[in-house]
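The primary structure of each chain is shown beneath.
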Amino acid sequence: PAFASTSRHQHATGKKKREGAPLPLFPLGLGSFFFFFSFGKAMLQPTSVSAPGKLILHGEHSVVHAKTAVAASLDIRTQLTLRPATDDLHLVLPDLSLEMRWTLAQVTSLRALQPETQYTSPVAPNAAQQAMLDRLCSAEEGNSTRELALHAFLHLFASIAGDNDRPMAGAHVHVSSKLPVSAGLGSSAAYCVCLAGALLTAAGRTVPLESGIWSEADTKLINSWAFEAERIIHGNPSGIDNTVSTYGEAIRFQNRVSEPLHMPALHILLINTKVPRSTKELVAGVGRRKDLLPVVMDKVLDTMELVSLEAIQLFQCLLAIQTDESKSSERADVFRKLEYLIDMNQALLDGIGVGHASITKICQLAQQQGLHAKLTGAGGGGCVFVLIPPGTDGSKVQALSAHCAQAGFDVIDTRIGSRGVCVVNA
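Residues numbered from 1 in each chain as written. Predicted model: local features only at pLDDT ≥ 70, side-chain atom pairs only at ≥ 80, totals over all residues. Heavy atoms only, no water.

A.B. asks: Quick rundown of the overall build of the protein chain? Include the residues and the values.
C.D. replies: On a plain count of helices and strands, the protein chain comes out with twelve helices and twelve strands. For the protein chain, with 426 residues in total, the buried portion stands at 54%. The long-range share in the protein chain, meaning contacts at least 24 apart out of those at least 6 apart in sequence, stands at 75%. Counting only carbon and sulfur atoms, one obtains 53% of the accessible surface of the protein chain, whose full area is about 17,800 Å². (Helix = DSSP H or I, 4+ residues; strand = E, 2+ residues; numbered from the N terminus. Buried < 20%, exposed > 50% of the residue type's maximum accessible area, 1.4 Å probe, protein only. Contact = heavy atoms within 4.5 Å. Areas by Shrake-Rupley, 256 points an atom, 1.4 Å probe, with all protein chains shown as cover.)

Below is the structure:
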């Protein structure tokens, strides 16, 4: 079935907002009010949220340069659970083997360096805050990804949960994820979206609806703070990862503006090379090539956009004929075109320097089974997706999975189009 356009995308279309009553701020009654606001300190509410990863179908790297990209959410999620505390701020990131504590005095001092911050207007850390974050977020092994994840958390906590009129409240925060790190599946964006959604909700800045999502305005605010967190981690992200993770399902994305994309569900294999890489460094490398060969690179990026636009048209064609039994040959023709686009885009990505030997090997293994594959995300390792058209012989999929596993890769059989950020058990 096609993905239905939801109100979570309607910030771009102006359609009617999704109906639903807000969840009660203090479901346990006035007693909980006095607990959460005891002794002049605004205690945080217990909150648990989850957010999906993402798969870029076409447009990675070119989207950073104002070109169109097509992306969809994956039903592989990150979950954050926050419990109020009175004495300190405690963060546990088991997937990064990291656990940190800060005193409330430290967090209060961090916020005091930018006292004009309002939760309604996301901002980056200023120079003084950045220096303090460097001191407070030094991971034992000096791993930059780990430290930047701490920077993002502490900046958002101080900016959102902090209040100039009350003492800083503490919390115990636990984040777990089924998304592999540095694999091109939006793991950092899902983390940042969880941070923004949980902190805004725990502090009472946003109130989820009964359906477990938020109003259009609140969802936009969550996405904006998540983007600021992504900037801390990646430097100059496109904004596509946090937008997909926030709104879910599928989007067409350009110049940090998203719109819903109607498309049929796609069956894919996700293959993780387990080769680590830095999105920030790969994006910068493409930028250097563009500076060196601007005319050539502009043409390459333009061609990447044409691939994205053609793919969108093909998705619309599939929607129109997917249930018509008399159109089976036309459907097969559309999937052949989608496969050609996959091959073409992978060649272009190799040409701008974001390929890797492991990606090439997976593409070759897929071709041996008559299937087509390309990298997704920043490249340089990370993940590859393989399109599985309807009617594909299951033995070919099994053979490809087995060969990839034998080569040391992780394989996930999945589909795109999951829910965006939401309150867990709402």
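That covers the picture; the talk isn't over yet.
A.B. asks: Describe in detail the pattern of salt bridges, supporting the description with residues and values.
C.D. replies: Here the structure, examined in full by the defined rule, presents ten salt bridges. As a salt-bridge pair, Lys274 and Asp410 come within 3.5 Å of each other at their nearest N and O atoms. You can see Lys274 sitting in the loop between strand S8 (267–272) and helix H8 (279–292) and its partner Asp410 sitting in strand S11 (residues 410–415), a full 136 residues away along the chain. Among the ionic pairs, Lys290 bridges to Asp298, the shortest N-O distance being 3.2 Å. Exposure remark for Lys290: the relative accessible area of 24% places this residue in the partly exposed category. A relative accessible area of 32% places Asp298 in the partly exposed class. Sharing partners across several salt bridges, the network here consists of Asp333, Arg336 and Lys337. (Salt bridge = Lys/Arg side-chain N within 4 Å of Asp/Glu carboxyl O.)

A.B. asks: Residues and numbers for the packing of aromatic side chains, please.
C.D. replies: Under the defined criterion, the tally for this structure stands at two aromatic pairs. Residues Phe153 and Phe157 carry aromatic rings whose centres are separated by 5.9 Å and whose planes lie at 40 degrees to one another, so their mutual orientation is tilted. Taken together, the positions of Phe153 and Phe157, both in helix H4 (residues 144–161) and four residues apart, correspond to about one turn of that helix. (Phe/Tyr/Trp six-rings, centres within 6.5 Å; stacked < 30°, edge-to-face > 60°.)

A.B. asks: So what's going on with the sheet that holds strand S10 (residues 383–387)? Residues and values would help.
C.D. replies: Reading across the sheet, the four strands line up as S9-S10-S8-S11 and stay open at both edges, with antiparallel pairing between neighbours. Each edge of the sheet is formed by a strand with only one pairing partner; in this case those strands are strand S9 (372–376) and S11. This sheet shows a mean twist of 25 degrees between the axes of neighbouring strands, independent of strand direction. Each of S9 and S10 is contacted by helix H10 (residues 328–351), which is oriented at about 45 degrees to S9, the strand it contacts most. Along the sheet face, helix H11 (residues 357–368) touches S8, S9 and S10 and points at about 155 degrees away from the line of S9. (Pairing = 2+ DSSP bridges. Axes fitted to C-alpha atoms, helices over the stretch in contact; angles between N-to-C directions.)

A.B. asks: Tell me what's going on with the side chain of Asn345, and back it up with residues and numbers.
C.D. replies: For Asn345, the location among the structural elements is in helix H10. Setting aside chain neighbours within four positions, we find Asn345 in contact with Leu57, His58, Gly59, Glu60, Met304, Val307 and Lys374.

A.B. asks: Please set out the packing of helix H5 (residues 187–202) against helix H6 (residues 216–234) residue by residue, giving values where relevant.
C.D. replies: Orientation of H5 relative to H6, taken along the N-to-C sense of each, is 135 degrees, at an axis distance of 8 Å. Taken together, the axes of H5 and H6 are oblique relative to one another. In the crossing of H5 with H6, the sense of the turn from one axis to the other is right-handed. Across the interface between the two elements, Ser188, Ala189, Tyr191, Cys192, Val193, Ala196, Gly197 and Leu200 from H5 touch Leu221, Ile222, Trp225, Ala226, Ala229, Glu230, Ile233 and His234 from H6. Here the contact of H5 with H6 is built from residues that sort into twelve nonpolar, three polar and one charged. (Parallel < 35°, antiparallel > 145°, perpendicular 65-115°, else oblique. Left-handed = near helix turned anticlockwise from the far one by under 90°. Nonpolar A, V, L, I, M, F, W, Y, C, P; charged D, E, K, R; others polar.)

A.B. asks: How would you explain the side chain of Asp88 if you had to name every residue and give the values?
C.D. replies: When you line up the elements, Asp88 lands in strand S3 (residues 88–93). A polar contact of 2.9 Å, which involves the side chain of Asp88, links it to the side chain of Arg101. Residues in contact with Asp88, not counting those within four places in the same chain, are Arg101, Trp102, Leu104, Gly170 and Ala171. (Polar contact = N/O pair within 3.5 Å; in protein donor to acceptor, adjacent residues only side chain to side chain.)

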